[in-house]
Amino acid sequence: MNTLILHHYNESPYAEKVRVLLGHKGLAWRSVKVPRVAPKPDLVALTGGYRKVPVLQIGADVYCDTHLIAEVLEARHPEPSIRTEPGRFTDIVEHWVNTNLFARAVGYTFGALADFLPDALLADRAALRGAPLERDVLKAALPLATQELHTQLTWLEIALSSATSAGAPFVNGTHPGGGDFTLYATLWFLANGRFDFSGLPSVGAWMARMAAFGHGKPEDCSAEASLLEAAAALPAPLPTDSVSPDASGVALGQQVQITPEQLGHGTSVQGELVAINARRLTLRLYTERCGEVHVHFPRVGYRLRTAG
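Please read these numbers as outputs of a predicted model, since none were measured by experiment.

A. Just the overall build of the protein, in detail. Summing up its helical and strand segments, the protein has 10 helices and 10 strands in all. A compact globule built from 308 residues would reach a C-alpha radius of gyration of about 19 Å, and the protein, at 20 Å, matches this within 12%. If one aligns the C-alpha atoms of the protein with their principal axes, the spans along those axes are about 55 × 45 × 40 Å. Taking all 308 residues of the protein together, the buried fraction comes to 50%. Sequence-distant contacts in the protein: of pairs separated by 6 or more residues, those separated by 24 or more amount to 70%.

In structure tokens:
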């Protein structure tokens, strides 16, 4: 079964990254809407416990994290490409956004909207953080977040203005790369938080170019139908480039637990390690509703330990 099924919700910036990537590639996909807050019984029935979005499902293969999802989509649908152009720093930009800019965007957006955020959402995100989220604290952090964002987005404005004048309308050059999609999702989230981009015309024009890709060709799908599709399928053949044991000493066949390094509380997945290399981890799970599934994670950004 080769249907692309995206488990997501509308407000997620991570999901927006994948939706716009699907639009860039002009792909048809099935859309399963996931609740914004726990419990998420249908999603965790598929993933074995991971409840963050988006999750890409292809039959009985489940791909977690947008970085890995982008790799999978590029491998399956290589044109139009998101490959890094020679001499570009797309991967560095993506890392900067993930480790620096996104946290400031969240600080700004949650601070700006603190009086309007539902209690359930704040409680859910606090559970993921393993620390409380209080409205007064969020609002008090807003001035500093705003200052830091203006400083860093001014760097981006100067770079995009110069690059666009030189015939490179994207961070990646003549076509968008991973850094473009990751950056766009973060700024899209900021825009939803009412951030003022009026003094950043090159950033605004770049955002419009990214938004113009749209979301491809989505079709609504129920969670139950996606689980039935997983149950009727077999996982795809595993890669043959596993390194076992790897540098951490973990080996194929062991029962392991994988947990996100950021916002990972309550999202661990446990299963049999069936593939491992420097870029990807794969667990084999047997679930009541889906049977055998392979759940895939990127290596960077996830903690791996033996279970028992």
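B. Highlighting empty space enclosed by the protein. Counted by the stated rule, this structure contains 1 cavity of 30 Å³ or more. Taken as a whole, the largest cavity spans an internal volume of roughly 70 Å³. Forming the walls of the largest cavity are Pro13, Tyr14, Lys17, Thr66, Val97, Asn98, Phe102, Thr182, Ala185 and Thr186. The residue makeup of the lining of the largest cavity, split by class, is 5 nonpolar, 4 polar and 1 charged.

C. Layout of unusual backbone geometry. Across the junction of alanine 38 and proline 39, the peptide omega takes the value 5°, indicating a cis bond. The topology assignment puts proline 39 in the loop between strand S2 (28–33) and helix H2 (41–47). The omega torsion across glutamate 79 and proline 80 is -10°, close enough to zero to call that bond cis. With respect to the helices and strands, proline 80 occurs in the loop between helix H3 (66–76) and helix H4 (90–112). The backbone phi angle of aspartate 65 is positive, close to 85°, even though this residue is not glycine. Assignment of secondary structure puts aspartate 65 in the loop between strand S4 (61–64) and H3.

D. Quick look at the side chain of glutamate 85. Within the fold, glutamate 85 resides in the loop between H3 and H4. Here glutamate 85 sits buried without a salt bridge, and the closest side chain of opposite charge, arginine 88, lies 4.2 Å off (N-O distance). Looking at glutamate 85, its side chain comes within polar contact range of the side chain of threonine 174, at 2.5 Å. Residue contacts for glutamate 85: discarding those within four places in its chain leaves Asn172, Gly173, Thr174 and His175.

E. Here's a closer look at the pattern of salt bridges. Counted under the stated rule, the structure contains 16 salt bridges. In this structure, the salt-bridge partner of arginine 30 is glutamate 229, at a minimum N-O distance of 2.5 Å. A residue pair is termed long-range when its members are at least 10 positions apart, and arginine 30 in strand S2 and glutamate 229 in helix H10 (residues 223–232) qualify at 199 residues. Per residue, the accessibility class of arginine 30 equals that of glutamate 229, and both read buried. Of the charged contacts in the structure, one is a salt bridge between glutamate 148 and arginine 104, with a shortest N-O distance of 3.0 Å. In this pair, glutamate 148 sits in helix H7 (residues 142–165) while arginine 104 sits in helix H4, placing the two residues 44 residues apart along the sequence. A relative accessible area of 26% places glutamate 148 in the partly exposed class. Judged by its relative accessible area of 24%, arginine 104 is partly exposed.

F. Just the environment of isoleucine 69, in detail. Here isoleucine 69 lies in helix H3. In the structure, isoleucine 69 is positioned 202 residues away from glycine 271 in sequence and 20 Å away in space, judged by C-alpha atoms.

G. Up close: the packing of aromatic side chains. Inspection of the entire model under this criterion finds 9 aromatic pairs. Relative to phenylalanine 213, the ring of phenylalanine 170 lies with its centre 6.1 Å away and its plane at 20°, an arrangement referred to as stacked. Separated by 43 residues along the polypeptide, phenylalanine 170 in the loop between H7 and helix H8 (178–192) and phenylalanine 213 in the loop between helix H9 (201–211) and strand S5 (217–220) bring together distant segments of the chain. Look at phenylalanine 297 and tyrosine 302: their rings are 5.4 Å apart centre to centre, the planes differ by 50°, and that puts the pair in the tilted class.

Cut-offs and rules
Residues numbered from 1 in each chain as written. Predicted model: local features only at pLDDT ≥ 70, side-chain atom pairs only at ≥ 80, totals over all residues. Heavy atoms only, no water. Helix = DSSP H or I, 4+ residues; strand = E, 2+ residues; numbered from the N terminus. Rg over C-alpha atoms; globule rule 2.2 N^0.38 Å. Buried < 20%, exposed > 50% of the residue type's maximum accessible area, 1.4 Å probe, protein only. Contact = heavy atoms within 4.5 Å. 1 Å grid on protein atoms, 1.4 Å probe; cavity = no way out; pocket = protein on both sides within 12 Å on 5 of 7 lines; lining within 4 Å. Points joined across faces, edges and corners; volume = space filled by probe spheres on them. Nonpolar A, V, L, I, M, F, W, Y, C, P; charged D, E, K, R; others polar. Lys, Arg positive; Asp, Glu negative; His and termini not counted. Salt bridge = Lys/Arg side-chain N within 4 Å of Asp/Glu carboxyl O. Polar contact = N/O pair within 3.5 Å; in protein donor to acceptor, adjacent residues only side chain to side chain. Phe/Tyr/Trp six-rings, centres within 6.5 Å; stacked < 30°, edge-to-face > 60°.

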